[in-house]
Amino acid sequence: ERTRASIDKMILEEDILSCVGLDLYFGSRFERNSGDKDLLEKMISSYSYAGCNQSDLYAAASEKLYEIDLSAESAHNLALLFIGRDDLDKAAWYLQMAVLDENLPDETRAEWFYELSIVSLAKGDHCEAVNFAREAGAYRNDYGKAYMALGDAFIASRTQLGDEFQQQTAYWAAADMYQAAARVDPALAGESTEKLAICTANYPNKEDIFFQDLQAESNFRVGGCIQEYTTVRSRD
């Protein structure tokens with residue numbers, strides 16, 4: 001055991017093994033003792049130090065350690081790991097585990113819900129992205145990025161709304177969110193302006209609004225999973 005400890009220390013400090021070498025060194029030990037917390041922590045630190053975070057064995061060790069230590073931080077680290085590996089299903093699952101921790105500060109919970117919204121949007125789960133972005137804003141009402149994410153999710157979910165006109169109404173609700181984002185976080189003003197221009201270009205025209213028996217500036221409720229009251233606007 002003393003010899004093995006010395007070898008582990010030398011590997012870490014001298015940087016003598018490649019990622020493949022680490023796999024060879026730890027592979028059989030992991031198979032025999034995958035429930036050994038000390039071994040798992042040693043593996044994770046060694047792989048991290050060597051910059052081998054994309055190794056399958058590193059991911060497996062990280063997941064095993066999470067099973068032993070069900071902490072929010074561990075879950076969040078795993079989510080980031082699987083985002084880097086483009087495994088968005090696992091990333092979303094671990095993020096959902098992370099936000100369950102009752103002791104999380106509201107600011108951290110808001111940030112992780114925002115990340116969950118972004119991951120859900122990338123997975124094509126548009127309504128879940130809407131819900132998670134709303135959660136992010138609920139825990140921090142000055143979180144501009146949450147409003148930006150909500151606007152993006154509104155637009156992505158528009159195909160559920162029905163015909164072309166109904167789908168165009170999603171841009172009204174999205175524009176409201178982009179404006180809110182710039183209002184609470186002036187640093188997002190540039191991005192907000194760009195996205196508002198896209199929204200305006202996709203509004204229905206005056207004729208379409210007329211034939212829907214609507215008037216400009218009147219109230220309108222967007223349906224689907226958006227469920228937002230907004231204002232009727234035309235692009236011309």
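For the structure given in this document, a descriptive report is provided here. Everything numeric here is computed off the predicted structure, so don't read it as measured data. (Residues numbered from 1 in each chain as written. Predicted model: local features only at pLDDT ≥ 70, side-chain atom pairs only at ≥ 80, totals over all residues. Heavy atoms only, no water.)

Describing the pairing of strand E2 (residues 228-231)
With four bridges connecting them, strand E1 (residues 219-222) and E2 associate as antiparallel partners. Bridge pairing in E2 places Phe-220 opposite Thr-230. A loop of five residues connects E1 with E2, the two strands running antiparallel in sequence, and Gly-224 in this loop sits at a positive phi of about 60 degrees. (Pairing = 2+ DSSP bridges. Helix = DSSP H or I, 4+ residues; strand = E, 2+ residues; numbered from the N terminus.)

Some remarks on a negative patch on the surface
Side chains of Asp-163, Glu-164, Glu-207, Asp-208 and Asp-236 sit close together on the surface and give a patch of like negative charge. As for its placement among the helices and strands, Asp-236 is situated in the segment after E2. (Patch = residues over 30% accessible without salt bridge, like charges linked within 9 Å, V, L, I, M, F, W, Y side chains within 5 Å. Areas by Shrake-Rupley, 256 points an atom, 1.4 Å probe, with all protein chains shown as cover. Salt bridge = Lys/Arg side-chain N within 4 Å of Asp/Glu carboxyl O. Lys, Arg positive; Asp, Glu negative; His and termini not counted. Charge placed at Lys NZ, Arg CZ, Asp CG, Glu CD.)

Examining the state of the cysteines
Per the stated rule, a full pass over the model turns up two disulfides. In this model Cys-19 forms its disulfide with Cys-52; the gap between the sulfur atoms is 2.0 Å. Handedness of the Cys-19-Cys-52 disulfide follows from its S-S torsion of about -85 degrees: it is left-handed. Placement of Cys-19 in helix H2 (residues 19-32) and of Cys-52 in the loop between helix H3 (37-50) and helix H4 (56-68) is noted, with a sequence separation of 33 residues between them. Shown here is the disulfide that connects Cys-127 with Cys-225, its sulfur atoms set 2.2 Å apart. Where Cys-127 bonds to Cys-225 through sulfur, the torsion about that S-S bond is close to -85 degrees, and the disulfide is left-handed. Of this pair, Cys-127 sits in helix H8 (residues 126-139) while Cys-225 is found in the loop between E1 and E2, placing the two residues 98 residues apart along the sequence. No difference in accessibility class separates Cys-127 from Cys-225, as the two residues are buried. For the protein, the disulfide bridges join cysteines in the arrangement 1-2, 3-4, where the cysteines are counted in sequence order. Free of any disulfide, Cys-199 has its nearest neighbouring cysteine sulfur in Cys-225, separated by 16 Å. (Disulfide = S-S within 2.5 Å. Buried < 20%, exposed > 50% of the residue type's maximum accessible area, 1.4 Å probe, protein only.)

Quick notes on the side chain of Ser-234
With respect to the secondary-structure elements, Ser-234 resides in the segment after E2. Judged by relative accessible area, Ser-234 falls into the buried class, the value being 18%. For Ser-234, the side chain forms a polar contact with the main-chain oxygen of Asp-236, separated by 2.9 Å. With near-sequence residues (within four places) excluded, Ser-234 lies in contact with Tyr-203, Pro-204, Asn-205, Lys-206 and Ile-209. (Polar contact = N/O pair within 3.5 Å; in protein donor to acceptor, adjacent residues only side chain to side chain. Contact = heavy atoms within 4.5 Å.)

Re the packing of aromatic side chains
Taken as a whole and assessed by the stated rule, the structure comprises 12 aromatic pairs. Considering the side-chain rings of Tyr-66 and Tyr-94, the 5.4 Å spacing of their centres and the 85 degrees angle between planes classify their relative orientation as edge-to-face. One end of the pair, Tyr-66, is in helix H4; the other, Tyr-94, is in helix H6 (residues 88-98), with 28 residues separating them in the sequence. Neither Tyr-66 nor Tyr-94 differs from the other in exposure class; each is buried. Members of the aromatic cluster, joined through ring pairs, are Tyr-25, Phe-26, Tyr-47 and Tyr-58. Above the ring of Tyr-139, the side-chain terminus of Arg-109 is found at 5.3 Å from the ring centroid. (Phe/Tyr/Trp six-rings, centres within 6.5 Å; stacked < 30°, edge-to-face > 60°. Lys NZ or Arg CZ within 6 Å of the ring centre and 35° of its normal.)

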